[in-house]
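Residues per chain, in single letters:
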Amino acid sequence: MSFLSTQVHQGIIPVCTNVAPFKLSSLPKVSVSREGLPLSSGVKFAVTLPEEAGRNLMDISLGEKLGPWRLSLAETDGDPFDELSQHRWAVHVWIAMLVVVTTFVMAWVLATALRRRLRLAQLKNDLVATVSHELKTPLASIRLLVDTLLEAESHPTEQMSGAQVREYLELIAQENSRLTRLIDNFLTFSRMERGMQRFDFHVTDVRDAIHQAAAVFREHLGDVDSCLQVDAGEPAYVSADLDALVTAVVNLLENAWKYSDGEKQILLTVHTEGDRVHVAVRDNGVGLSARAAARVFDRFYQVDQRVARTQGGCGLGLSIVNAIAEAHHGEVRVESQPGVGSTFTLCLPSQRAENASSSQPIEQESQL
Amino acid sequence: MTARSRILIVEDDTTLLRGLSDNFRAAEYDVETAADGEAGLAQVLAQPPDLLLLDIMLPLLNGYDLCQRVRQADLDFPILMLTAKGQEEEIVRGLELGADDYMTKPFGIRELLARAKRLLRRRLSEVPDRIEIGGAVLDRTSHTLSRDGDPIPLTTKEYRLLDFFVSHPHRALTRNDIMNQVWGRSIIVSGRSVDRCVATLRSKIELQPSRPQFIHTIRDVGYRFELAD
């Protein structure tokens, strides 16, 4: 019996099984407390009847000398391994969830990278298509007109009139300036894309920029005085790269010109609102739908291919304006109504007039 | 007095359109113009021209769609594409949609006028039964080719290819066009089969197969058969 008591102290219950020769009443009344035993909850000791031996967790013979006596470890109240199995199940669920989440995150990262690459490839294709079309068309016109003039020169029978020759030369000059503008825009765009565009900021009166821009615009398009109205208003100072600001305003003016039909009316104004200087270009053109307005500053975006083809351009002008505005810590906004017209407003942080009197470059140099 | 050929130019660039119109008028063609694809198609359907000069990047309806709609309407006048793209796949696409030839911008006006003239002549003349190709004579009734009276043996495919070439002179022909017309829609024929057949045909009709006079290769596009006027 000392052996049995030792086993009981170690947490193992002696259970009588196969006790057919004994009467139930002859079984010893053994009651073992869990206290002091290193057992998990949900387990209790009990002497079980022989017919309950099937529920025992362990059941071993005690040898020949003890005959039918068997030593069994029994549980009577639930599964003592429940907690462990629940714990393991939880671990498995967490691991599975982690794998699923990781897979989704990786897929999202890959999809984003792929989308970016596709967008870049698309951009590259757009650039190639636009460059080839927009540069080759004026080149084709110039070559055709020059060939025609040369042909007429070498064949006296096909002489052209002086007026026709002059008209051809004017057309060639127009195509030439169209090419020059396209190339300037491409170069500006390319510098901005590569982060090579440098801005030298000085405190500048915006009125200087808009007068210069109006002059450039007149030079590009000839007689525009009938449609362009400039209202420079009061002096308004901003910290700006004058050349970049002129480019931005010229692009806005040319955009207004391109997208206006019939009797064009373009109004260029400057006014100050709070700490912001607004340079606004309003036209009476075709206007923009809300969807088009949301995309109008995207690279290569052209609202109307027909206009783009006939007036030239490659969808870079407004994206350049946007980039210049951002480099000046400002923004460009568009308000538009289809069929009525659009107003593009360049908003820049204003500066005090006294900063301008020093005429020194201010300590702010930005690189896109 | 023969009627002047009518040419329709569909081009959205006003300067180019002006230059082209002046040159074709100076070459004594009747010239009509359209500045976008839809206007071009309407004019074509209202009164089909003898030749269509067609830009590809057009507003409203692009050149490919216009070309396709013209052919779907069973109109078979020659179409000469003017393309600024110059990429082979774009050219092949245009030719397979029914264009007869193409020129890449910027182009020389003399070359363009010569191509237009050849395309118009092809339209005006039926293919004769006996055609002289260099020193060789192709007899389309007896399906034979001979040089100085000596027969030049041709396989069935070589004959059909030569016959296809002589009945489509001065046209840019894609390998697909040739395969479909000469081989039929066989799945075991590839562009290489066309190239091999062209090579053997050249060895039989060209005096210098390495410098062909009749069957010209258009790189990445196909072939053009040129026959002296």
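Criteria and thresholds
- Residues numbered from 1 in each chain as written.
- Chains lettered and ligands numbered in written order.
- Predicted model: local features only at pLDDT ≥ 70, side-chain atom pairs only at ≥ 80, totals over all residues.
- Heavy atoms only, no water.
- Helix = DSSP H or I, 4+ residues; strand = E, 2+ residues; numbered from the N terminus.
- Contact = heavy atoms within 4.5 Å.
- Patch = residues over 30% accessible without salt bridge, like charges linked within 9 Å, V, L, I, M, F, W, Y side chains within 5 Å.
- Areas by Shrake-Rupley, 256 points an atom, 1.4 Å probe, with all protein chains shown as cover.
- Salt bridge = Lys/Arg side-chain N within 4 Å of Asp/Glu carboxyl O.
- Axes fitted to C-alpha atoms, helices over the stretch in contact; angles between N-to-C directions.
- Parallel < 35°, antiparallel > 145°, perpendicular 65-115°, else oblique.
- Left-handed = near helix turned anticlockwise from the far one by under 90°.
- Nonpolar A, V, L, I, M, F, W, Y, C, P; charged D, E, K, R; others polar.
- Expected span 1.5 Å × (residues − 1).
- Buried < 20%, exposed > 50% of the residue type's maximum accessible area, 1.4 Å probe, protein only.
- Polar contact = N/O pair within 3.5 Å; in protein donor to acceptor, adjacent residues only side chain to side chain.
- Core = buried A, V, L, I, M, F, W, Y, C linked by side-chain atoms within 4.5 Å.
- Pairing = 2+ DSSP bridges.
- pLDDT = per-residue confidence, 0-100.
- Phe/Tyr/Trp six-rings, centres within 6.5 Å; stacked < 30°, edge-to-face > 60°.

1. Some remarks on the environment of valine 198 of chain B
Residue and element names in this part refer to chain B.
And then number 1: Mapped onto the fold, valine 198 is located in helix H8 (residues 191–205).
And then number 2: Between the alpha carbons of valine 198 and lysine 157 there is a distance of 10.0 Å; along the sequence they are 41 residues apart.
And then number 3: Residue contacts for valine 198: discarding those within four places in its chain leaves Leu161, Phe165, Ile215 and Tyr223.

2. Focus on a nonpolar patch on the surface
And then number 1: A contiguous nonpolar surface patch, about 400 Å² in accessible area, is contributed by Val101, Val105, Trp108 and Val109 of chain A.
And then number 2: Along the polypeptide, tryptophan 108 of chain A turns up in helix H2 (residues 82–154).

3. Overview of the packing of helix H6 (residues 156–167) of chain B against helix H7 (residues 175–183) of chain B
Residue and element names in this part refer to chain B.
And then number 1: The geometry of H6 relative to H7 is characterised by a closest axis approach of 9 Å and an angle of 120° between their N-to-C directions. When the interaxial angle is binned, H6 and H7 end up oblique. Read as a crossing pair, H6 and H7 show a hand that is right-handed. Mapping the contact onto sequence places Lys157, Arg160, Leu161, Phe164 and Phe165 in H6 and Asp177, Ile178, Gln181, Val182 and Trp183 in H7.
And then number 2: In the contact of H6 with H7, the residues fall into 6 nonpolar, 1 polar and 3 charged.

4. As for helix H5 (residues 242–258) of chain A
All names here are of chain A.
And then number 1: In this model H5 runs 24 Å from its N-terminal to its C-terminal C-alpha over 17 residues, within 8% of the 24 Å that 1.5 Å per residue would give.
And then number 2: Counted residue by residue, H5 has 13 buried out of 17 residues, so it is predominantly covered.
And then number 3: The N-cap residue of H5 is aspartate 241: its side-chain oxygen and the backbone nitrogen of aspartate 243 are 3.0 Å apart.

5. Thoughts on the nonpolar core
Residues and elements named next belong to chain A.
And then number 1: Among the nonpolar cores identified, the biggest contains 50 residues, and Ile210, Leu253, Ile266, Leu268, Val279 and Leu346 are the most heavily contacted of them.
And then number 2: If one sorts the elements of this core by residue count, H5 sits on top with 10 residues.
And then number 3: Setting aside anything within four residues of it in sequence, one finds isoleucine 210 in contact with Val230, Ala232, Val249, Leu268, Val270 and Val279.

6. With respect to the side chain of glutamate 11 of chain B
Residues and elements named next belong to chain B.
And then number 1: Within the fold, glutamate 11 resides in the loop between strand E1 (6–10) and helix H1 (14–26).
And then number 2: Classification of glutamate 11 by relative accessible area gives buried; the value is 1%.
And then number 3: Reaching out from glutamate 11, the side chain makes a polar contact with the backbone nitrogen of aspartate 13 at a distance of 3.0 Å.
And then number 4: Here lysine 105 takes part through its side chain, which lies 3.2 Å from a polar atom of the side chain of glutamate 11.
And then number 5: Contacts of glutamate 11, omitting those with residues within four sequence positions, involve Leu16, Leu17, Ala34, Ala35, Asp55, Leu58, Leu82 and Lys105.

7. Regarding the pairing of strand E8 (residues 331–337) of chain A
Residues and elements named next belong to chain A.
And then number 1: Bridging between E8 and strand E9 (residues 341–349) involves 7 bridges; their strand directions are antiparallel. Each residue of the ladder has a partner; that of glutamine 337, found in E9, is glycine 341.
And then number 2: The antiparallel pairing of E8 with E9 creates a hairpin that spans 3 residues between the two strands, and glycine 339 there sits at a positive phi of about 85°.

8. Points about the confidence of the model for chain A
Residue and element names in this part refer to chain A.
And then number 1: On average, residues of chain A score 75 in pLDDT, and 68% of them are at 70 or above.
And then number 2: Note on residues 1–22: pLDDT under 50 across the span, and 52 contacts to partners over four residues away in sequence or across chains.
And then number 3: Low pLDDT, under 50, characterises residues 306–310; the predicted model gives this stretch 13 contacts beyond four residues in sequence or across chains.

9. Side note on the packing of aromatic side chains
And then number 1: One pass over the full model with this rule turns up 4 aromatic pairs over all chains.
And then number 2: Ring plane angle 40° and centroid distance 6.1 Å describe the contact between phenylalanine 199 of chain A and phenylalanine 201 of chain A, whose orientation is recorded as tilted.
And then number 3: Since its relative accessible area comes to 0%, phenylalanine 199 of chain A is described here as buried.
And then number 4: Consider the rings of phenylalanine 165 of chain B and phenylalanine 225 of chain B, whose centres lie 5.7 Å apart with planes at 10°: the pair is stacked.

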